[in-house]
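Here's the letter readout for the chains.
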Amino acid sequence: MTGVPASAAGGSSGARRAAAGAASKAAQKAPGAVAGHAPVPSAETAAPGAVAGEALVREDAAGAAGTGADAQDDDRPARGAKLAAAAVNQASVWNIANLLTMLRLILVPAFVALMLADGGYDPAWRSLAWAAFAIAMITDLFDGHLARTYNLVTDFGKIADPIADKAIMGAALICLSALGDLPWWVTGVILGRELGVTLLRFLVIRYGVIPASRGGKLKTLTQGVAVGMYVLALTGWLATLRWWVMAAAVVLTVVTGLDYVKQAIVLRRQGIAERKAALEEKEA
């Protein structure tokens, strides 16, 4: 039998010892590795280039998602635009301001019926008539404010609102004079002023608009209070007080009426002067 040389045997055992030592070092470097399985690299042991590449990919994905969200936000209309569009769409005949004006128009015949019920001197019916008159005057304060604030101005409102104002006030004054509670000359002065100012506004509207003055607003308030006090069946010192309130309303009616005439004349002169200057500029 041929023997194995000692150098070969020694070399084989040396190789085994070298392999075992390498395996032991590898196990020490990768403590999480299980014998017989390849170690799984963690984020700490992974190559720096791979980590950087993964971070770039995530940033790109986040940027793409953000760009898509921005694009969707750009496509969506702003909330303020929606509200503005809704306000414009609501500016129809059946908006809240016009409904209040319609209510005043309906209250006119109701007020007359209540005022003249049972001969026109029953305190109970007069109280109900006063309630209808008060509701009409209160709604007059709100419909114009709502129309201007929420962009609900319509052609119907421009025409119906002044008609409703004059109708309820005129009906009350005529009923009071017909019943003998108020002199006819007072009714004539107040109604003549209201109709005259309305006509005056239409005559100078091509030159501009006569704005409502503070005196005019005070006149309207005083008239409403005075007529309301006359509608009620008051006696004693309250009956005397209502006479003085009505006297103040008549004075304010005349004074503010003259002021409107003055403003109309000034507005007409300014309008004519501006048109003349414009024609001269064109000819030059």
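Here, the structure is the one placed above.
What you are looking at is a predicted structure, and each value in this text was computed from that prediction instead of being measured.

Chemist: Account for the overall build of the protein, naming residues and giving values.
Modeler: If you tally the helices and strands in the protein, you get 9 helices and 0 strands. Counting across all 284 residues of the protein, residues that qualify as buried make up 27%. Considering only contacts within the protein whose residues lie at least 6 apart along the sequence, 74% involve residues at least 24 apart. Carbon and sulfur atoms form 67% of the exposed surface of the protein, whose accessible area is close to 18,700 Å².

Chemist: If you had to explain the packing of aromatic side chains to someone new, which residues and values would you point to?
Modeler: Note on aromatic pairs: each is described by the distance of the centres and the angle between the planes. Scanning the entire structure with this criterion turns up 2 aromatic pairs. Here F111 and F133 contribute two aromatic rings whose centre-to-centre distance is 6.0 Å and whose plane-to-plane angle is 45°, an arrangement assigned as tilted. Here the residue F111 occupies a position in helix α4 (residues 96–116), and F133 occupies one in helix α5 (residues 123–149), the gap between them amounting to 22 residues. Taken as a pair, F111 and F133 share a single burial class, namely buried. Residue placement shows R242 over the ring face of Y230; its charged tip is 4.6 Å from the ring centre.

Chemist: Please set out the nonpolar core residue by residue, giving values where relevant.
Modeler: Residues F111, M115, F133, V227 and M246 are the most contacted members of the largest nonpolar core, which totals 30 residues. Among the elements of the structure, α4, α5, α6 (155–178), α7 (184–203), α8 (214–231) and α9 (237–283) are those that each provide at least two residues to this core. With 7 residues, α6 is the largest single contributor of residues to this core. Aside from chain neighbours lying at most four places away, what touches V227 is F133, M169, A172, L173, L176 and M246. Judged by nonpolar contacts, the second largest core, of 8 residues, contains L200, V204, I210 and A264.

Chemist: Describe in detail the pattern of salt bridges, supporting the description with residues and values.
Modeler: The tally for this structure, following the rule as stated, stands at 7 salt bridges. Residue R104 is joined to D143 by a salt bridge in which the shortest nitrogen-to-oxygen separation is 2.6 Å. Pair noted here: R104 is in helix α4 and D143 is in helix α5, with a separation of 39 residues, a long-range link. Looking at D143, the relative accessible area reads 3%, which means it is buried. Of the charged contacts in the structure, one is a salt bridge between D165 and R104, with a shortest N-O distance of 2.7 Å.

Chemist: A description of a nonpolar patch on the surface should follow, citing residues and the corresponding values.
Modeler: A contiguous nonpolar patch, built from V93, W94, I96, L99 and F156 and spanning about 480 Å² of accessible area, is present on the exposed surface. Along the chain, V93 turns up in the loop between α3 (79–90) and α4.

About the criteria used
Residues numbered from 1 in each chain as written. Predicted model: local features only at pLDDT ≥ 70, side-chain atom pairs only at ≥ 80, totals over all residues. Heavy atoms only, no water. Helix = DSSP H or I, 4+ residues; strand = E, 2+ residues; numbered from the N terminus. Buried < 20%, exposed > 50% of the residue type's maximum accessible area, 1.4 Å probe, protein only. Contact = heavy atoms within 4.5 Å. Areas by Shrake-Rupley, 256 points an atom, 1.4 Å probe, with all protein chains shown as cover. Phe/Tyr/Trp six-rings, centres within 6.5 Å; stacked < 30°, edge-to-face > 60°. Lys NZ or Arg CZ within 6 Å of the ring centre and 35° of its normal. Core = buried A, V, L, I, M, F, W, Y, C linked by side-chain atoms within 4.5 Å. Salt bridge = Lys/Arg side-chain N within 4 Å of Asp/Glu carboxyl O. Patch = residues over 30% accessible without salt bridge, like charges linked within 9 Å, V, L, I, M, F, W, Y side chains within 5 Å.

Geometric values such as these leave the question of function open.
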